[in-house]
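Summary of structural features
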Amino acid sequence: MSAIALSMDGVRESSVRGRPRWSLSGRLVARALDNASIVIRTGFAEREELLAAHPTTFFVPPRFDAHMMIVARLHDGDPAAITTALHAAWELQAAAD
């Protein structure tokens, strides 16, 4: 995921608790949740669309219900859908500039 995230203009990688985090101007784009999943920033409407279109790739744990985030399964998820979600997260954060 690092190569995909870093290919987006202005995205920087840092580390939080030993796990990678990708941000744009200090705002979260995505971060590793564990070795098998990443948290991706998303709007609530887009999150619902991703969940409906790719239920085996994305999920929202209860602790993220109130947050604009979605979790992607890296090992058995759809790589194209994850890449699209990462680009949408970048666009969301770029629009905040």
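Up top is the structure these notes are about.
**Things to note about the pairing of strand β3 (residues 27–34)**
In terms of strand pairing, strand β2 (residues 19–24) meets β3 through four bridges, oriented antiparallel. For serine 23, the partnering residue across the bridge sits in β3 and is leucine 28. Relative to strand β4 (residues 37–41), β3 runs antiparallel, the two sharing four bridges. When the bridges of β4 are listed, aspartate 34 appears paired with serine 37. Once β3 ends, the chain turns through two residues before running back antiparallel as β4.

**Concerning the side chain of arginine 47**
Mapped onto the secondary structure, arginine 47 falls in helix α2 (residues 44–53). Within the structure, the side chain of arginine 47 is placed 3.2 Å from the backbone oxygen of methionine 69, a separation counted as a polar contact. Ignoring any residue separated from it by four or fewer positions in sequence, one finds arginine 47 in contact with Thr42, Val60, Phe64, Asp65, His67, Met69 and Ile70.

**Side note on the nonpolar core**
Ranked by size, the top nonpolar core spans 25 residues in total, and within it Ile38, Ile40, Phe58, Phe64, Ile82 and Leu86 carry the most contacts. Elements with a contribution of two residues or more to this core: β2, β3, β4, β6 (69–73) and α3 (79–95). The dominant element in this core, judged by the number of residues it contributes, is α3, at five residues. Those residues within four positions of phenylalanine 58 in sequence are excluded, and the remaining contacts are Ile40, Leu50, Leu51, Ile70, Val71, Ala72, Arg73, Ala81, Ile82 and Ala85.

**Focus: the packing of aromatic side chains**
Scanning the model with the defined rule gives zero aromatic pairs in all. In this arrangement the basic side chain of arginine 63 is found over the ring face of phenylalanine 64, its NZ or CZ atom lying 4.9 Å from the centre.

**Some words on the environment of alanine 72**
By the secondary structure assignment, alanine 72 is in strand β6. Between the C-alpha atom of alanine 72 and that of valine 16, which follows or precedes it by 56 residues, the distance is 18 Å.

**Focus on unusual backbone geometry**
Despite not being glycine, arginine 17 shows a phi value in the positive range, around 55°. Turning to its location among the elements, arginine 17 is positioned in the loop between β1 (11–16) and β2. For serine 25, which is not glycine, the phi dihedral falls at a positive 50°. Along the polypeptide, serine 25 turns up in the loop between β2 and β3.

**A few points about the pattern of salt bridges**
Here the idea is simple: oppositely charged side chains can pair when their charged atoms come close. Summed over the entire model, instances satisfying the criterion amount to one salt bridge. Across the salt bridge formed by glutamate 48 and arginine 47, the nearest N and O atoms sit 3.9 Å from each other. Assessed through its relative accessible area of 47%, glutamate 48 is described here as partly exposed. Since its relative accessible area comes to 6%, arginine 47 is described here as buried.

Cut-offs used in this document
- Residues numbered from 1 in each chain as written.
- Predicted model: local features only at pLDDT ≥ 70, side-chain atom pairs only at ≥ 80, totals over all residues.
- Heavy atoms only, no water.
- Pairing = 2+ DSSP bridges.
- Helix = DSSP H or I, 4+ residues; strand = E, 2+ residues; numbered from the N terminus.
- Polar contact = N/O pair within 3.5 Å; in protein donor to acceptor, adjacent residues only side chain to side chain.
- Contact = heavy atoms within 4.5 Å.
- Core = buried A, V, L, I, M, F, W, Y, C linked by side-chain atoms within 4.5 Å.
- Buried < 20%, exposed > 50% of the residue type's maximum accessible area, 1.4 Å probe, protein only.
- Phe/Tyr/Trp six-rings, centres within 6.5 Å; stacked < 30°, edge-to-face > 60°.
- Lys NZ or Arg CZ within 6 Å of the ring centre and 35° of its normal.
- Salt bridge = Lys/Arg side-chain N within 4 Å of Asp/Glu carboxyl O.

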